[in-house]
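Commentary on secondary and tertiary structure
Residue-level listing of the chains:
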Amino acid sequence: MPDFLLEIGTEEIPARMIAGAADDLRRRIENLLERERLRPAGELAHLDSPRRLSIFAPGVPAAQPDVSEQLTGPSVSVAFRDGQPTPAALAFAKKAGLGVSLLERVSTPKGEYVAARVIRKGRRVEEILSEALPKEIASIYWPKNMYWRKPSERFVRPVRWLVAMLDDQIVPIEFGGVRSSNESRGHRILAAGRFRVPAAGAPYIHALRGAKVLGQVEREQQIRNGLDKATREVEAARWREDKPLLDTVVNLTEWPSVILGSFDREFLELPEEVLVTVMRDHQKYFAIEDAKGRLLPNFLAILNTEGDPQGLIRHGNERVLRARFNDARFFWQTDQKHSLRERVSWLKNVTFQKDLGSYYDKTRRVQRLCSWICEILRQNGTAVRPGVIHKAACLAKTDLTTELVKEFTELQGIVGGLYAQVQVLDRDMPDTTRQLIAQVIYDQYKPESANDPVPRAVEGAVLSICDKADTIAGMFALGLEPTGSKDPFALRRQANGIVRTVAEHKLPVSLGQLFELSRESYRGSAAEKKFANARNYDQAIEGFFRERLQFYMREHLGLAYDVVNAVLAAGADDVVDVLARADAVGTVRGTADFDSISVAFKRIKNILRQAKETGRRIRPLVDPGAFREEAEQELGRKIPEIATAVDAFRQQRDYARALAEISTIRPAVDGFFDKVMVMVEDEDLRANRLALLATLLKEFSTIADFSEIVAEGTRN
């Protein structure tokens, strides 16, 4: 069985897009081979660099297996008349490629029909790939595409070469005016020009390495080794681990090397956040620190070449960095001429969103929302300082008017926190209060990713969720909620941040309260006149956050899907409560009692659904006097008795004891289903028994919908 190789050679692909496109191409080729019954002998592998996407499939079948098929033709009465074949039978036999005598008779629900069993010859793999690969290449998802040939042809960057091979044989394909061959291209500088690929697999890898192109894993290891070696030139130093930056530079290089540079120690007077942002986000440099984590006046740059023996590249990088640091220092000093307090009114001239007004309008709304949320927290016993939050909310967006943030937009929020640390906010304000306000401002955008920490203080948590909630509420009220893969305002990320912050700080505020108040903060504003879907607002927000909470529980906490579905079915408004219920359900999931109860609840839901679908009456209340069987009398007694105890534990949020109490109803439920027929002919008796089951389901589904739990014996 031949090995298959596909390489798409392009102009340099943006680093941030390579990983997603590589995964998408791998899935597409994997699905193509599976769909065409050409399953490879091993896992697909990919090799990607700034100028290529490559996919390798080992041991692909040379052809599809032959398939035996039964073709059904006309009915026997149409195919034969007086025992002789009709034109219909002859036409069907010709289509099947068989003689009439070889036709069979088969019985179907519609009667007897003639049939033919034929062998479909499998197509050769090169024929299938030649036909399908151009479509798969064109379908790769890119966040942004470009046109470079015809209006109908789009790709992330112009395609310059294609390699498609089965072992050492070329698979003929064409995409973007480029035909496949067995010629690839190496490093743009170190091995310019074309080189021949001997064959798919190991020969391809060796040929690439000879052309100064390494695989992704090799490049990362070479960069790490280079960082370690260069850092050893600085006494007692270490390079600052930065996985996102490492991933970026890996996708910016094909043959990487590392150089050590330095900058004037006087720049260390600037805040570390400013220096690191300039190095990391603007220059793609790694920072160096001492054993105590303090920044040192050095940096590490990644080159896409073999080195810098004369130091010319190092000197150029140092000069550029010095200019960037000088700009940052100038902006820092210039910004101090105006306090954050002065800048509040300047926010009137900074647009938040064209229909939602200015950042000054947003500041006022967030202040009101923070005050309302603080009162809810206080009533629920959470210690919080409303004055600190009010002041922080007032100043939170003022750094958008600073020169430093205009130049380094990644520092918004952080700059406000840093300026609040060094400026006088109020003459009589204690320094500890000022530092807390500065911290709250600094943390306002956290968490910005799954790995980013939540705000450190509860005051920061309140400002963070209120700021995000104001944005989400306004966008949803305008009808601008995310759709499919499109989320231009990053509302999913902000919603994830709200869920994580509420969960990790255990804030006693429900999502319903938060977004009802967020919507209320727009009351009477000019923005409210533009709200289009006020009637659907609550429903849209509820569905959106249920999805975000489900994502957090499954992807971040790693909870089982059936546990997540079960607890969310019983309510998804209170994040802290949902997680407490999920923890308790996860503990008992898989035990004999709850496996039995989950099976019983599934049965109950099915019975009740079928009763409603067939129009069977269900009494609104159970009539204990109508019970006839001892088993239903026992269940009727147990439900209110156990439900009272469960409700008491639920009110205390002692879900472990509540679930233990629920498990005690198993014998009564088992006895009921063993000895009682629900769907009897007697309408009144049936309606009462259905009411009993409906009561059972209602009373014991407040913690979780146990019918969603997959019993141990039914799990895959």
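Note that this is a predicted model, so its numbers are computed, not measured.

Here the focus is the sheet that holds strand E4 (residues 67-75). With antiparallel pairing, three strands are arranged side by side in an open sheet as E4-E8-E7. Of all the strands in the sheet, the pair left with one neighbour each is E4 and strand E7 (104-108). Neighbour to neighbour, the strand axes of the sheet diverge by 45° on average, direction disregarded. Where E7 meets strand E8 (residues 111-120), five bridges bridge the pair, whose relative direction is antiparallel. Across the sheet, Val106 pairs through a bridge with Tyr113, a residue of E8. The sheet contacts of helix H3 (residues 87-96) involve E4 and E8, and relative to E4 the element is tilted by about 165°.

In this structure the tally under the stated criterion is one cavity of 30 Å³ or more. For the largest cavity, the calculated volume is near 40 Å³. In terms of lining, the largest cavity is formed by Tyr359, Lys362, Thr363, Val366, Ala393, Ala396, Lys397, Leu463 and Asp467. Elements supplying a minimum of two residues to the lining of the largest cavity: helix H11 (359-379) and helix H16 (458-477). Per element, the largest residue contribution to the lining of the largest cavity is four residues, and it comes from H11. Each residue belonging to the lining of the largest cavity can be placed in one class, and the counts come to five nonpolar, one polar and three charged.

You can read the domains of the chain as domain 1 (4-63 + 124-210), domain 2 (67-120), domain 3 (216-335), domain 4 (343-558) and domain 5 (580-714). Its C-alpha centre places domain 2 at a distance of 76 Å from the equivalent point of domain 3.

Let us now look at the state of the cysteines. Tallying each qualifying case throughout the model produces zero disulfides. Free of any disulfide, Cys370 has its nearest cysteine sulfur in Cys466, 3.8 Å distant. Taking the relative accessible area as the measure of exposure, Cys370 reaches 2% and is therefore buried.

Here the structure, examined in full by the defined rule, presents 65 salt bridges. The salt bridge partner of Lys243 is Asp247, with a shortest N-O separation of 2.5 Å. One end of the pair is Lys243 and the other is Asp247, both in helix H7 (residues 243-250) and four residues apart, which spans about a single turn. The partly exposed category is assigned to Asp247, whose relative accessible area is 31%. For Arg365, the salt bridge is made with Asp470, and the minimal N-O distance between the two is 2.7 Å. Here Arg365 is found in helix H11, whereas its partner Asp470 is found in helix H16, with 105 residues between them in sequence. For the pair Arg365 and Asp470, a shared accessibility class is recorded, and that class is buried. Taken together, the shared-partner salt bridges connect Asp24, Arg27, Arg28, Arg35 and Glu136 into one network.

Judged by how many residues are buried, strand E18 (residues 257-262) sits mostly within the fold: five of six residues are covered. With six bridges connecting them, E18 and strand E20 (residues 295-303) associate as antiparallel partners. Along E20, the bridge assignment pairs Gly261 with Phe299.

With antiparallel pairing, the four strands of this open sheet are ordered in space as E17-E19-E20-E18. Both edges of this open sheet fall to strand E17 (237-239) and E18, since each of them pairs with a single strand only. The sheet shows a mean angle of 30° between the axes of neighbouring strands, direction not considered. Pairing analysis gives three bridges linking E17 to strand E19 (residues 286-290), with the strands arranged antiparallel. Its bridge partner lying in E19, Trp239 is registered against Ile288. The sheet contacts of helix H8 (residues 272-282) involve E19 and E20, and relative to E20 the element is tilted by about 15°.

Moving on, we come to the environment of Glu174. With respect to the helices and strands, Glu174 occurs in strand E13 (residues 174-175). Given the relative accessible area of 42%, Glu174 is considered partly exposed. Aside from chain neighbours lying at most four places away, what touches Glu174 is Pro134 and Arg179.

Time to look at the packing of H16 against helix H17 (residues 491-505). Running from N to C, H16 and H17 point in directions that differ by 145°, and their axes come no closer than 9 Å. Here H16 and H17 pass one another in a crossing that is left-handed. Along its contact with H16, which presents Val458, Ala461, Ser464, Ile465, Lys468, Ala469, Thr471, Ile472, Met475 and Phe476, the element H17 presents Leu491, Gln494, Ala495, Gly497, Ile498, Thr501, Val502 and His505. Looking at the contact of H16 with H17 residue by residue, the classes come out as 11 nonpolar, six polar and one charged.

What follows concerns unusual backbone geometry. Each neighbour pair has its own omega, and for Lys446 with Pro447 the value is -10°, a cis peptide bond. Structurally, the position occupied by Pro447 is in the loop between helix H15 (431-442) and H16. Even without glycine at this site, Lys284 takes up a positive phi of about 60°. For Lys284, a relative accessible area of 29% puts it in the partly exposed group. Positive phi is not limited to glycine here, since Lys506 has a value of about 50°.

Quick look at the side chain of Arg219 now. On the secondary structure map, Arg219 appears in helix H6 (residues 216-231). Reaching out from Arg219, the side chain makes a polar contact with the backbone oxygen of Val250 at a distance of 2.9 Å. Not counting chain neighbours up to four residues away, the residues in contact with Arg219 comprise Asp48, Ser49, Leu214, Val250, Asn251, Thr253, Glu254 and Pro256.

Reading guide: rules and limits
- Residues numbered from 1 in each chain as written.
- Predicted model: local features only at pLDDT ≥ 70, side-chain atom pairs only at ≥ 80, totals over all residues.
- Heavy atoms only, no water.
- Pairing = 2+ DSSP bridges.
- Helix = DSSP H or I, 4+ residues; strand = E, 2+ residues; numbered from the N terminus.
- Axes fitted to C-alpha atoms, helices over the stretch in contact; angles between N-to-C directions.
- Contact = heavy atoms within 4.5 Å.
- 1 Å grid on protein atoms, 1.4 Å probe; cavity = no way out; pocket = protein on both sides within 12 Å on 5 of 7 lines; lining within 4 Å.
- Points joined across faces, edges and corners; volume = space filled by probe spheres on them.
- Nonpolar A, V, L, I, M, F, W, Y, C, P; charged D, E, K, R; others polar.
- Domains from an automatic or database assignment.
- Disulfide = S-S within 2.5 Å.
- Buried < 20%, exposed > 50% of the residue type's maximum accessible area, 1.4 Å probe, protein only.
- Salt bridge = Lys/Arg side-chain N within 4 Å of Asp/Glu carboxyl O.
- Left-handed = near helix turned anticlockwise from the far one by under 90°.
- Polar contact = N/O pair within 3.5 Å; in protein donor to acceptor, adjacent residues only side chain to side chain.

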